[in-house]
Amino acid sequence: MAMEGFDDPGVFFSDNFSESQGDGQSNLANKKQFLKFIKEFQEGNFAYKYRDALKRNYLRREYKLEINIQDLAGYDEQLADKLKQSPGEMLPLFEEAAKEAADEVTFPRADGETTVEDIHVTLISEAAPTSVRDLKSEQVSKLVKIPGIVVAASGIKAKATRIAIQCRTCRTTIPDIPLKPGLEGYQMPRKCNTEQAGRPACPLDPYYILPDHCKCVDFQNLKLQESPESVPHGEMPRHMQLFVDRSLTERAVPGNRVTVIGVYSIRKMAKLGRGGEKGAVGVRMPYLRVVGLQVETEGAGRTSSNLTFTQEDEESFRRLAAQPGVYDTISKSIAPSIFGSDDIKKSISCLLFGGSRKRLPDGLTRRGDINVLLLGDPGTAKSQLLKF
């Protein structure tokens, strides 16, 4: 009887997935909280703010939803804190919740619209902004808010969010590979792991991208210069590269004053030209992946896209244009606090209004743009005049 049970195999197990399962459960709980917030948040007049806004935007085919972080903090402060500390993890969950909410509030949809479009969640905040100079390594991967002036903007480009790759040799296809948002690329696999009997192994770097099976979004690169009032005396203003995508593209043009909310991110340094050295391992260049953008509508650098003119405004413009001394009137209204400089003021008024485009009989076209170059001694109000 002493040998009884010696051949009992027992039960052995390895809990390799406990941590990932725990993360999955917490992510599911966060997603449910985001969905509950979108569907249940009410303003003072008992209107469902975000649910109604989502339905209104979706029916206008504007697949976006703007969320105020203060509203989220008032509803669930812990959830808002998670969003600020880990936006890279929380924002995709927020967008999934917004997509589910859009599916519910727009049902039933028109015939042919079986799939629900992805919703772009953008953020606005009433918190105090941070200067570009105060962004340090502690803020990497966190949500930051910075003001500044847009000084350059690229054209609209396409970035893949999901790609499919195929092996050149054995034609094995790997579909629906997700890509990280921002300026991070995708590292292609070096080897094909498909093994077929009687066929030699595939060579190194066999994969190529199938463009027809990729899903892309619009993106744009902006260059942000820090606000002049936050530049210390005697120093040059600093710049920050911005990555804006989807509904935030073409919202700002060079010259606009903006306040951006984004994820402070890092990317690999670009290789230098011939003879130059590559960036050191572990050294990364910072940029801001924008998740919220507000353009100033008052003061210098305001946007002109949302200006509307009434019938009375148009009548006053016509009366002003009919006056004989309109040129002098406009030039004298430029920088009235600066005495003299009449010729400069007249040239700036021509710069503001531009010339007329001319098409010559032989087919050549003359542009109507007027450019002004101001040269002068320091302290002669060149910059002050150009602010107008």
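Here goes a summary of the coordinates provided. Not measured: the values here are computed from a predicted model. (Residues numbered from 1 in each chain as written. Predicted model: local features only at pLDDT ≥ 70, side-chain atom pairs only at ≥ 80, totals over all residues. Heavy atoms only, no water.)

### Some remarks on the packing of helix α4 (residues 77-85) against helix α5 (residues 87-105)
Note the threshold: Axes here mean lines fitted to C-alpha atoms, for a helix over just the part in contact, with angles spanning 0 to 180 degrees between N-to-C directions. Strands here are runs of E lasting at least two residues and helices are runs of H or I lasting at least four, both read from the DSSP assignment and numbered beginning at the N terminus. For classification purposes, an angle smaller than 35 degrees is called roughly parallel, one larger than 145 roughly antiparallel, one from 65 to 115 roughly perpendicular, and anything else oblique. In this analysis, two residues are considered to be in contact whenever any of their non-hydrogen atoms come within 4.5 Å of each other. Nonpolar residues are Ala, Val, Leu, Ile, Met, Phe, Trp, Tyr, Cys and Pro. Charged residues are Asp, Glu, Lys and Arg, and all others, Gly as well, are polar.
Between α4 and α5, the least distance of the axes is 6 Å, while the angle of their chain directions is 120 degrees. Classified by the interaxial angle, the pair formed by α4 and α5 is oblique. Facing α4, whose interface residues are Lys82, Leu83, Lys84 and Gln85, α5 presents Pro87, Met90, Leu91 and Phe94. Among the residues making up the contact of α4 with α5, the classes are represented as five nonpolar, one polar and two charged.

### Some details on α5
Filter applied, for reference: Given a helix with a known number of residues, its expected span is that number minus one, times 1.5 Å. The buried label goes to any residue with under 20% of its type's maximum accessible area, the exposed label to any with over 50%, and the partly exposed label to all in between, with areas taken from a 1.4 Å probe on protein chains only.
Look at α5: 26 Å from first C-alpha to last across 19 residues, which is about the 27 Å you get at 1.5 Å a residue. Residues Pro87, Met90, Leu91, Leu93, Phe94, Glu95, Ala97, Ala98, Ala101, Ala102 and Val105 constitute the buried set of α5.

### A word on the layout of surface pockets
As a reminder of what qualifies: In this analysis a 1.4 Å probe is tested at points of a 1 Å grid over the protein atoms alone, and where it fits but cannot get out there is a cavity; an open set with protein on both sides within 12 Å along at least five of seven lines is a pocket; lining residues have an atom within 4 Å of a point. Grid points are joined across faces, edges and corners, and a volume is the space filled by probe spheres set on the points.
Its volume calculated, the largest pocket comes out at about 1500 Å³. Every residue lining the largest pocket is counted, 47 residues in all, and those nearest its centre are Pro92, Glu95, Leu179, Pro181 and Arg246. Of all the elements in the fold, those that place two or more residues in the lining of the largest pocket are α5, β2 (120-124), β4 (157-167), β7 (215-226), β8 (239-245), β9 (257-268) and β10 (284-295). Broken down by element, the lining of the largest pocket gets its largest block of residues, nine residues, from α5. Across the lining of the largest pocket, the residue classes tally to 21 nonpolar, nine polar and 17 charged.

### Here we look at α4
Stated formally: Of all possible arcs, the one meant is that of the directions from the helix axis to the C-beta atoms. Definition of a polar contact: a pair of N or O atoms within 3.5 Å, with one able to donate and the other able to accept a hydrogen when the atoms are protein atoms, and with sequence-neighbouring residues admitted only if both atoms are side-chain atoms.
Of all the residues in α4, the buried ones are Leu79, Ala80 and Leu83. For α4, the angular spread of buried residues about the axis comes to 100 degrees, placing them on one side. Exposed residues on α4 whose side chains face more than 90 degrees from its buried face are Glu77 and Gln78. One side-chain oxygen of the residue at the start of α4 lies 3.2 Å from the amide nitrogen of glutamine 78, identifying that residue as aspartate 76.

### Looking at the side chain of serine 265
The residue serine 265 is located in strand β9 in this model. A polar side-chain atom of serine 265 sits 3.0 Å from the main-chain carbonyl oxygen of valine 263. Those residues in contact with serine 265, other than ones at most four positions away along the chain, are Met285, Pro286, Tyr287 and Arg289.

### With respect to the nonpolar core
Convention followed: The set of buried Ala, Val, Leu, Ile, Met, Phe, Trp, Tyr and Cys residues whose side-chain atoms join them within 4.5 Å is what this entry labels a nonpolar core.
Of all hydrophobic cores here, the largest spans 32 residues; its most connected members are Ile38, Phe94 and Leu123. Elements represented by at least two residues in this core include exactly α1 (18-40), α2 (49-59), β1 (64-68), α3 (69-75), α4, α5, β2 and β9. The greatest single-element share of this core, amounting to eight residues, is contributed by α5.

### A closer look at the packing of aromatic side chains
For clarity, the cut-off: Classification of ring pairs rests on two measures: the distance between centres of Phe, Tyr or Trp rings, Trp counted by its six-membered ring, which must be within 6.5 Å, and the angle between planes, read as stacked under 30 degrees, edge-to-face over 60 and tilted in between. Our definition puts a charge over a ring when NZ of Lys or CZ of Arg is within 6 Å of the ring centre and also within 35 degrees of the ring normal.
Per the stated rule, a full pass over the model turns up eight aromatic pairs. Between phenylalanine 37 and phenylalanine 41, the ring centres sit 5.4 Å apart and the planes meet at 50 degrees, which makes this aromatic pair tilted. Given the relative accessible area of 0%, phenylalanine 37 is considered buried. Between the aromatic rings of tyrosine 58 and tyrosine 63, the centroid separation amounts to 5.0 Å while the plane-to-plane angle is 65 degrees, which identifies the pairing as edge-to-face. Linked through ring pairs, Phe34, Phe37, Phe41, Tyr50, Tyr75 and Phe94 together constitute an aromatic cluster. Cation over ring: arginine 51 sits above tyrosine 48, and NZ or CZ is 4.0 Å from the ring centre.

### A few points about the pattern of salt bridges
Put simply, the rule is: Salt bridges, as used here, are contacts in which a Lys or Arg side-chain nitrogen is within 4 Å of a carboxyl oxygen on Asp or Glu.
Inspection of the entire model under this criterion finds 16 salt bridges. Two residues, arginine 60 and glutamate 62, come together in a salt bridge whose shortest N-O distance is 3.6 Å. We classify glutamate 62 as partly exposed; its relative accessible area is 31%. The closest approach of N and O atoms between arginine 190 and aspartate 205, which form a salt bridge, is 2.5 Å. Taken together, the residues arginine 190 in the loop between β5 (173-178) and β6 (207-209) and aspartate 205 in the loop between β5 and β6 connect sequence positions 15 residues apart. The exposure class assigned to arginine 190 is partly exposed, which follows from its relative accessible area of 46%. Classification of aspartate 205 by relative accessible area gives partly exposed; the value is 40%. Linked by salt bridges that have partners in common, Lys31, Glu96 and Glu100 make up one network.

As far as function goes, none of this settles anything; it's purely spatial.
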